[in-house]
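# Coordinates in review
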Amino acid sequence: MSSLPAITAPASNAASDRVPIANPPPCHVAIIMDGNGRWAQARSLPRIAGHRAGARAVRRTIEAALAHKVGWLTLYAFSSENWRRPRDEVSDLTALLRHYIKSEIAELAANGVRLRFIGEAGRFAPDIQASLADAERMTAANTRLNLTIALSYGGRAEIIAAAKLIARAVAAGEITPGDLDEAEFSRRLFTADMPDPDLIIRTSGERRLSNFLLWQAAYAELIFLNVLWPDFGATHFAEALADYAGRERRFGARPA
Ligand code: IPE
Ligand code: IPE
Ligand code: MG
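In what follows, the accompanying structure is described. (Residues numbered from 1 in each chain as written. Chains lettered and ligands numbered in written order. Predicted model: local features only at pLDDT ≥ 70, side-chain atom pairs only at ≥ 80, totals over all residues. Heavy atoms only, no water.)

## Concerning the packing of aromatic side chains
- By the definition in use, this model includes 10 aromatic pairs.
- Considering the side-chain rings of Tyr 219 and Phe 251, the 5.4 Å spacing of their centres and the 50° angle between planes classify their relative orientation as tilted. Note that Tyr 219 is positioned in the loop between strand 5 (199-202) and strand 6 (221-224) and Phe 251 in the segment after helix 7 (234-245), a separation of 32 residues in sequence.
- Owing to a relative accessible area of 46%, Tyr 219 belongs among the partly exposed residues under this scheme.
- Three or more aromatic residues link up through ring pairs in this structure, and these residues are Tyr 76, Tyr 153, Phe 190 and Phe 212. (Phe/Tyr/Trp six-rings, centres within 6.5 Å; stacked < 30°, edge-to-face > 60°. Helix = DSSP H or I, 4+ residues; strand = E, 2+ residues; numbered from the N terminus. Buried < 20%, exposed > 50% of the residue type's maximum accessible area, 1.4 Å probe, protein only.)

Pasting the structure below:
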């Protein structure tokens, strides 16, 4: 139809005028810390040496998160499925965890870090369970960085646990099936009072979630790095934030 006016973009909206708008910094960064075993293997060292070097990378990462004023940092340290590893490696990892909490807690507390643990803590030895609970209690009033460590964590197990709580609440007449919505469900997850991750980083070159934050990752930006976790440091953290800043997050809507 010749009577239709020609379509011209308003000058202010022309592509050449558009300045890319950077994302605000991520509120919550989550990291799948992978590659300790390969790091050790490349040096002909036992796997535990890789896990110890991984613990040093955790320290650097917390410092980087503090420096960049990231409010929430979640670290995947041990999955529900990692219990399937050889008994020696599991016991080395639990010994390292025991040592790590004891040696780091005072400094974390002094730096304003609030510690939380998500996962099935009940699968650890009683003394570890007690030290996890102590660490949470000791740091509960801190607000500078919310550091969550996922231990014996699995996203599917977390979702099943939440579903059981919902089923019990319905059976007890506390809620009706019609009351159930995303907010009501989220309140039953380990991450109940946490924001969803904006950015999930995985090291080691693997490109999968391995059962990490399945519900919460719905709209997270994903970054896969070809660096083994023990080699991860402040520069990688800063580069990941810069990559994130350039991402366009749509949440299913159309860009403005
Ligand atoms: C990550 O490193 C630490 C844990 C999963 C406990 P890995 O031990 O998985 O290292 P790779 O993947 O074998 O190199
Ligand atoms: C994921 O790494 C779990 C952690 C980093 C704690 P894995 O090494 O266990 O994952 P897969 O087996 O390669 O998927
Ligand atoms: Mg691995």
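## Description of the sheet that holds strand 5
- Judged by pairing direction, the sheet is parallel, and its 6 strands sit side by side in the order 3-4-2-1-5-6 without closing on themselves. Each edge of the open sheet is held by one strand with a lone partner, namely strand 3 (113-118) and strand 6. Ignoring strand direction, the axes of neighbouring strands in this sheet form an average angle of 20°. (Pairing = 2+ DSSP bridges. Axes fitted to C-alpha atoms, helices over the stretch in contact; angles between N-to-C directions.)

## Some remarks on the site of ligand 1
- What surrounds ligand 1 is a group of 13 residues, the closest being Asp 34, Gly 37, Arg 38, Arg 47 and Arg 85.
- Contact between ligand 1 and Gly 35: an oxygen atom at 3.4 Å from a main-chain N or O atom of the residue.
- Separating an oxygen atom of ligand 1 from a backbone N or O atom of Asn 36 is a distance of 3.2 Å.
- Compared with its free state, where it exposes 380 Å², ligand 1 has 86% of that area covered by protein.
- Only helix 1 (36-42), helix 2 (47-67) and helix 3 (87-110) provide two or more residues apiece to the shell around ligand 1.
- Counting residues per element, the shell around ligand 1 draws most heavily on helix 1, at 3 residues.
- For the shell around ligand 1, a count of residues per class yields 3 nonpolar, 5 polar and 5 charged. (Near = heavy atom within 4 Å. Polar contact = N/O pair within 3.5 Å; in protein donor to acceptor, adjacent residues only side chain to side chain. Areas by Shrake-Rupley, 256 points an atom, 1.4 Å probe, with all protein chains shown as cover. Nonpolar A, V, L, I, M, F, W, Y, C, P; charged D, E, K, R; others polar.)

## Thoughts on the nonpolar core
- Counting 42 residues, the largest nonpolar core has Val 29, Ile 31, Ile 62, Leu 73, Leu 147, Ile 201 and Phe 237 as the members making the most contacts within it.
- Examining the composition of this core, we find that 7 residues originate from one element, helix 2, more than from any other.
- Those residues within four positions of Leu 73 in sequence are excluded, and the remaining contacts are His 28, Val 29, Ile 31, Thr 61, Ile 62, Ala 65, Leu 145, Asn 146, Leu 147, Thr 148 and Phe 237.
- If you look at the next biggest cluster of nonpolar residues, it comprises 11 residues, including Ile 32, Ala 150, Tyr 153 and Phe 212. (Core = buried A, V, L, I, M, F, W, Y, C linked by side-chain atoms within 4.5 Å. Contact = heavy atoms within 4.5 Å.)

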